[in-house]
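# Chains, contacts and geometry: an overview
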Amino acid sequence: MAGIENNLSEAYPMNGGNGLYSYAKNSSIQKSVSDAAKLLLNEAIADKLNIKDVSSSKTFRIADLGCSVGPNTFFVVQNILEGVELKYQSQGLNSPNPEFQVFFNDHASNDFNTLFRSLPVDKQYYVAGVPGSFYSGLFPCASLHFVHSSFALHWLSKVPKEVVEKNSPAWNKGRIHYSNAGDEVVKAYSTQYAMDMDCFLHARAQEMVCGGLMVVIVPARPNEVPHSEAIANVMFDILGSCLMGMAKKGIVEEEKVDSFNIPIYYASPQELEAAIYKNGYFSIERMESLPRVTTHDNLSKAKLFALSMRAGMEGFIKEKFGHEIVDELFDSFRKKLEEASSIYDSGKAINLFVLLKRKIN
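Predicted model only: the values in this text are computed from it and were never measured.

## Some details on the overall build of the protein
Helices and strands together make up the secondary structure of the protein, namely 13 helices and seven strands. Residue pairs at least 24 apart in sequence account for 83% of intrachain contacts in the protein once pairs closer than 6 positions are excluded.

## A few points about the sheet that holds strand β4 (residues 144–150)
If you trace the seven strands from one edge of the open sheet to the other, you get β3-β2-β1-β4-β5-β7-β6, paired in mixed fashion. Each edge of the open sheet carries a strand with a single partner, namely β3 (126–131) and β6 (282–289). The mean inter-strand angle of the sheet, taken between neighbouring strand axes irrespective of direction, is 15°. As defined by bridge partners, strand β2 (residues 99–106) adjoins β3 across six bridges and the pair is classed as parallel. Within β3, the residue paired with Asn105 across the bridge is Val130. Against the sheet, helix α3 (residues 38–48) makes contact with β4, β5 (208–220), β6 and β7 (350–358), and its axis sits at roughly 15° relative to β7, the strand it touches most.

## Some remarks on the pattern of salt bridges
On inspection of all chains with the given rule, the structure shows 15 salt bridges. We note a salt bridge from Glu285 to Lys48, for which the minimum N-O separation is 3.2 Å. With Glu285 in strand β6 and Lys48 in helix α3, this pair connects stretches of sequence that are 237 residues apart. Given a relative accessible area of 30%, Lys48 falls into the partly exposed group.

## So, the environment of Trp155
The residue Trp155 is located in the loop between β4 and α7 (183–207) in this model. Taking the relative accessible area as the measure of exposure, Trp155 reaches 12% and is therefore buried. Distance from Trp155 to Asp196, taken between C-alpha atoms, is 9.4 Å for residues 41 residues apart in sequence.

## Re the side chain of Glu207
Position of Glu207 relative to the elements: it lies in helix α7. Here Phe139 takes part through its backbone nitrogen, which lies 3.1 Å from a polar atom of the side chain of Glu207. Setting aside residues up to four positions removed in sequence, Glu207 forms contacts with Ser136, Gly137, Leu138, Phe139, Pro140, Cys141, Ala142, Ser143 and Leu144.

## Considerations on the environment of Phe116
Within the secondary structure, Phe116 is located in helix α6 (residues 112–117). Between the C-alpha atom of Phe116 and that of Val127, which follows or precedes it by 11 residues, the distance is 8.9 Å.

## Things to note about the packing of α3 against helix α5 (residues 72–90)
For the pair α3 and α5, the least separation of the axes is 9 Å and the interaxial angle reads 35°. Relative to α5, α3 is oriented so that their crossing is right-handed. Taken together, the residues of α5 that come into contact with α3 (itself represented by Lys38, Leu41, Asn42, Ile45 and Ala46) are Val76, Asn79, Ile80, Gly83, Val84 and Lys87. When grouped by side-chain class, the residues that make up the contact of α3 with α5 number six nonpolar, three polar and two charged.

## Examining the packing of helix α8 (residues 231–248) against helix α12 (residues 326–339)
Direction vectors running N to C along α8 and α12 enclose 130°, while the axes themselves pass 9 Å from each other. Here α12 runs oblique to α8, going by the angle between their axes. Every pair of crossing elements has a handedness; the one defined by α8 and α12 is right-handed. On α12, the residues touching Met235, Ile238, Leu239, Ser241, Cys242, Leu243 and Met246 of α8 are Glu328, Leu329, Phe330, Ser332, Phe333, Lys336 and Leu337. Here the contact of α8 with α12 is built from residues that sort into 10 nonpolar, two polar and two charged.

Rules behind the numbers
- Residues numbered from 1 in each chain as written.
- Predicted model: local features only at pLDDT ≥ 70, side-chain atom pairs only at ≥ 80, totals over all residues.
- Heavy atoms only, no water.
- Helix = DSSP H or I, 4+ residues; strand = E, 2+ residues; numbered from the N terminus.
- Contact = heavy atoms within 4.5 Å.
- Pairing = 2+ DSSP bridges.
- Axes fitted to C-alpha atoms, helices over the stretch in contact; angles between N-to-C directions.
- Salt bridge = Lys/Arg side-chain N within 4 Å of Asp/Glu carboxyl O.
- Buried < 20%, exposed > 50% of the residue type's maximum accessible area, 1.4 Å probe, protein only.
- Polar contact = N/O pair within 3.5 Å; in protein donor to acceptor, adjacent residues only side chain to side chain.
- Left-handed = near helix turned anticlockwise from the far one by under 90°.
- Nonpolar A, V, L, I, M, F, W, Y, C, P; charged D, E, K, R; others polar.
- Parallel < 35°, antiparallel > 145°, perpendicular 65-115°, else oblique.

Here's what the structure looks like:
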């Protein structure tokens, strides 16, 4: 495993368990987006899944990549199963519905124990956990019929090495992200994203049957919108300012902040399209922005986003700076979000629904 600066996303997953700051308790934003995509998911299966192309096996295999610890992944899987069953019934096939096998994938350090303990008791599918990075191969050739990934592909495989090298023109001193950074830093992040997407699509092209479908839901930056205006990037700037504030007070070492970068990149639809076209193995059947969602949590927006950020970033923070600063850091982050309440309306962001079909050779 590479050093911490260059392999954050591999080593420290979302907060596990079911505690106050766990991902399981603080992923309502992601759940709302998945709910908004349910109709599109059903339409994708009804309109684009060709049973004849994928029915050579009696087992229909589904993979959810970047599943985390649940429960969102279980809702999505159930939606996929129901859609596929309806498709079989609408075809009037004499054969019974296939058996379903579902693969839940995330990094090896993911809390799979919590995931498996949370499995629905009435599930109608066989289960397997598949640890490992989805930027590499995970499954045998031509073994998957449907691939799903939600809120995962904005994570890079690693922090670009240039941004943590002091002698590099892309050294990202004083920042933890590429937003509001120099062109060299942005280029390093965008180049890493392009390389990662190439690896991701190549691996999936080998693993999926011809005619198989892949649905990707990913937070993105609208075309032509500067990185500094994307709401998620604004939040990382605020988190970075909190860390720098603690460095000025001597609570953390400024040098540690200089070497700490978040391995997340919000691509534009144009960048995603370019990666898919370059790969050449998939056709884009549908790509559109999902409607803006609201959650039903009885929390202020500042507290909701602060808890969500902590669920995703606490492991990184602890490893780099120690557990002692975590409460103070995220309390400061929440307070700054409350002071900058206008960002929820003025910040620009989209969640993309992308439907890909594995081309028939």
